[in-house]
Amino acid sequence: MLALPIPMIVALVLGFLFLRALLTGDRPHLFCALLAVCALQGVVVSLHQHYGIAALLAVQPITATLIPPLAWVAFQATAIRAFDPARDAVHLAVPVFTAFCMAFAPDTLDVVVPAVFLAYGGAILLRLRQGPDGLPLMRLETGPLPSLVWSAIALALILSAVSDGLIAIALATGRGWLQPWIVSLLSSAALFSIGLLSLSQSVVGAPEERTAPQAPRPDAGDPAADKDLMARLDALLRDSTLYLDPGLTLARLARRLQVPAKQLSAAINRATGDNVSRYVNGFRIAHACERLRAGDNITGAMLASGFNTKSNFNREFARVTGMSPSAWQARDTA
């Protein structure tokens, strides 16, 4: 009976998901590329570690160090800013440097490869410390989910670095027989996690809009400027019912108001104590209550109010009203 090693099984699953995402066209190209590279790495690891193809020893570190910079660029381009080929191409230097080390200083790879995974995983976690408002391209409707998914991807990158470190320790201490187990379990788990998590709809940002340039930034923390900005924001949300769009993002709101995204999120935080997502969701929940009073069912009210997922709707409804949608509806109709 043919028995496939775990890395090859992971590669086949990720390859199928890549083809499916490519054919359906429902994923950004960067996420498709991330799936493809993770699948490729699974194939390379399996053919080298389990089928003894020695030539792939020179390829494995290079394909491995494609994954962290690609994950970082996907994170930046979908959550923070538009993809910029000139700016983002610099990350290609990472696998190029790995190839240089492979050719001229192979002993350094035991340090270089884990360091790449640690650096990019740590960079994602560091950026996520800014909270949901630090991801201006993420749909406000998704709440904290994008931060959680990207945190898991960052931890999967760090797990891969840990597995490389364990392999180096095993080889240095004469326990080389552990290497296939570490690769099969930890490395494959990291690849599989990165691939699957990249399929989450929560990490797909809204399309970038091109509008008028942002106005000059007023003095930070100026109460008068904050009051004026909040009045403009409330007028925009009220008059345009922009909050009903499930694809609404902090970046889009900031562009409509012609202010930097950081200035808008800081003003909302100072004025209300909430982040942008929670503030906008307050308008959405008020609209949902109106729809429930008008006789809509809960799902209809949810979809009409800018929410796409019931879990987010229920969480925000309970936060704003103090009760579940069904309990609120029962009380209101009693």
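This is a predicted model, so every value here is computed, not measured. (Residues numbered from 1 in each chain as written. Predicted model: local features only at pLDDT ≥ 70, side-chain atom pairs only at ≥ 80, totals over all residues. Heavy atoms only, no water.)

Engineer: I'm lost on the overall build of the protein chain in this one. Help?
Structural biologist: Helix and strand counts for the protein chain come out as 16 helices and zero strands. Put simply, the protein chain has 334 residues, and 47% of those count as buried. Contacts in the protein chain between residues at least 24 apart in sequence constitute 72% of all its contacts with a sequence separation of at least 6. For the protein chain, the exposed surface amounts to about 15900 Å²; the carbon and sulfur share of it is 65%. (Helix = DSSP H or I, 4+ residues; strand = E, 2+ residues; numbered from the N terminus. Buried < 20%, exposed > 50% of the residue type's maximum accessible area, 1.4 Å probe, protein only. Contact = heavy atoms within 4.5 Å. Areas by Shrake-Rupley, 256 points an atom, 1.4 Å probe, with all protein chains shown as cover.)

Engineer: Would you mind showing me how to read unusual backbone geometry here?
Structural biologist: If a residue is not glycine, its phi is most likely negative; likewise, a peptide bond is most likely trans. Residue Thr 241 is not a glycine yet carries a positive backbone phi of 45 degrees. Among the secondary structure elements, Thr 241 is positioned in the loop between helix H10 (223-240) and helix H11 (250-257). Under the relative-accessibility criterion, Thr 241 is labelled partly exposed at 35%. Here Gln 258, not a glycine, exhibits a phi torsion of approximately 60 degrees, which is positive. Relative to the helices and strands, Gln 258 resides in the loop between H11 and helix H12 (261-272).

Engineer: Just checking my understanding: could you explain the pattern of salt bridges for this structure?
Structural biologist: Note on pairing: side chains with opposite charge can pair once their charged atoms come close. Counted by the stated rule, this structure contains eight salt bridges. Two residues, Glu 141 and Arg 139, come together in a salt bridge whose shortest N-O distance is 3.3 Å. Residue classification places Glu 141 among the buried residues on the basis of a relative accessible area of 1%. The exposure class assigned to Arg 139 is buried, which follows from its relative accessible area of 15%. Each of Arg 315, Glu 316 and Arg 319 takes part in a single network of salt bridges with overlapping partners. (Salt bridge = Lys/Arg side-chain N within 4 Å of Asp/Glu carboxyl O.)

Engineer: Explanation requested: the nonpolar core in the structure shown.
Structural biologist: Within soluble globular proteins, side chains that are nonpolar tend to cluster in buried spots. Core analysis: the biggest nonpolar cluster contains 44 residues, and Ile 67, Phe 75, Ile 124, Trp 150 and Leu 157 have the highest contact counts within it. For this core, the secondary structure elements donating two or more residues are helix H1 (6-24), helix H2 (29-49), helix H4 (67-80), helix H6 (93-104), helix H7 (109-128), helix H8 (145-172) and helix H9 (179-197). Tallying contributions element by element places H4 first for this core, with 10 residues. Leu 248, Leu 257, Val 276 and Val 280 belong to the second-largest nonpolar core, a separate cluster that totals 22 residues. (Core = buried A, V, L, I, M, F, W, Y, C linked by side-chain atoms within 4.5 Å.)

Engineer: Is there a simple way to think about H4 in this case?
Structural biologist: Residue pairs three or four apart in sequence face the same way in an α-helix, which turns once every 3.6 residues. Its 14 residues give H4 an end-to-end C-alpha distance of 19 Å, which sits within 8% of 20 Å, the value for a rise of 1.5 Å per residue. Here H4 lies mainly inside the structure; 14 of its 14 residues are buried. (Expected span 1.5 Å × (residues − 1).)

Engineer: So what exactly am I meant to see when it comes to the packing of H10 against H12 here?
Structural biologist: A packed helix pair is summarised by two numbers, namely the angle formed by the two axes and the spacing between the axes. The geometry of H10 relative to H12 is characterised by a closest axis approach of 10 Å and an angle of 100 degrees between their N-to-C directions. By the angle between their directions, the pair H10 and H12 is classed as roughly perpendicular. On the side of H10, the interface is formed by Asp 226, Leu 229, Met 230 and Leu 233, while H12 contributes Gln 263, Leu 264, Ala 267, Ile 268, Arg 270, Ala 271 and Thr 272. For the contact of H10 with H12, a count of residues per class yields seven nonpolar, two polar and two charged. (Axes fitted to C-alpha atoms, helices over the stretch in contact; angles between N-to-C directions. Parallel < 35°, antiparallel > 145°, perpendicular 65-115°, else oblique. Nonpolar A, V, L, I, M, F, W, Y, C, P; charged D, E, K, R; others polar.)

Engineer: Honestly, the confidence of the model for the protein chain in this entry has me stumped. Any pointers?
Structural biologist: Any segment with low pLDDT has predicted coordinates that should not be analysed in fine detail. This prediction gives the protein chain a mean pLDDT of 84; 89% of its residues lie at or above 70. When pLDDT is averaged over each helix and strand of the protein chain, the minimum, 74, is found for H9 and the maximum, 94, for H6. When the criterion is pLDDT under 50, residues 209-216 qualifies, and its contacts beyond four places in sequence or with other chains add up to 13 contacts. (pLDDT = per-residue confidence, 0-100.)

Engineer: I would appreciate a short explanation of empty space enclosed by the protein in the present structure.
Structural biologist: Regions of empty space are outlined by a rolling probe, equal in size to a water molecule, passed over the atoms. Following the criterion strictly, the structure yields two cavities of 30 Å³ or more and no others. Roughly 100 Å³ of internal volume is contained in the largest cavity. For the lining of the largest cavity, the per-class residue count stands at seven nonpolar, four polar and two charged. (1 Å grid on protein atoms, 1.4 Å probe; cavity = no way out; pocket = protein on both sides within 12 Å on 5 of 7 lines; lining within 4 Å. Points joined across faces, edges and corners; volume = space filled by probe spheres on them.)

Engineer: Would you take a moment to explain the layout of surface pockets for this structure?
Structural biologist: By volume, the largest pocket is sized at about 580 Å³. Of all the secondary-structure elements, those providing two or more residues to the lining of the largest pocket are H2, helix H3 (60-64), H7, H8 and H9. For the lining of the largest pocket, the leading source of residues is H9, giving six residues. Residues of the lining of the largest pocket, tallied by class, amount to 18 nonpolar, seven polar and two charged.

Engineer: How do you make sense of H12 when you look at a structure like this?
Structural biologist: Here H12 contains 12 residues, and its C-alpha end-to-end distance of 16 Å stays within 8% of the 16 Å for a straight helix at 1.5 Å per residue. Three or more residues of H12 are buried, namely Ala 261, Gln 263, Leu 264, Ser 265, Ala 267 and Ile 268. Here the buried face of H12 lies against H10, H11 and helix H13 (276-293).

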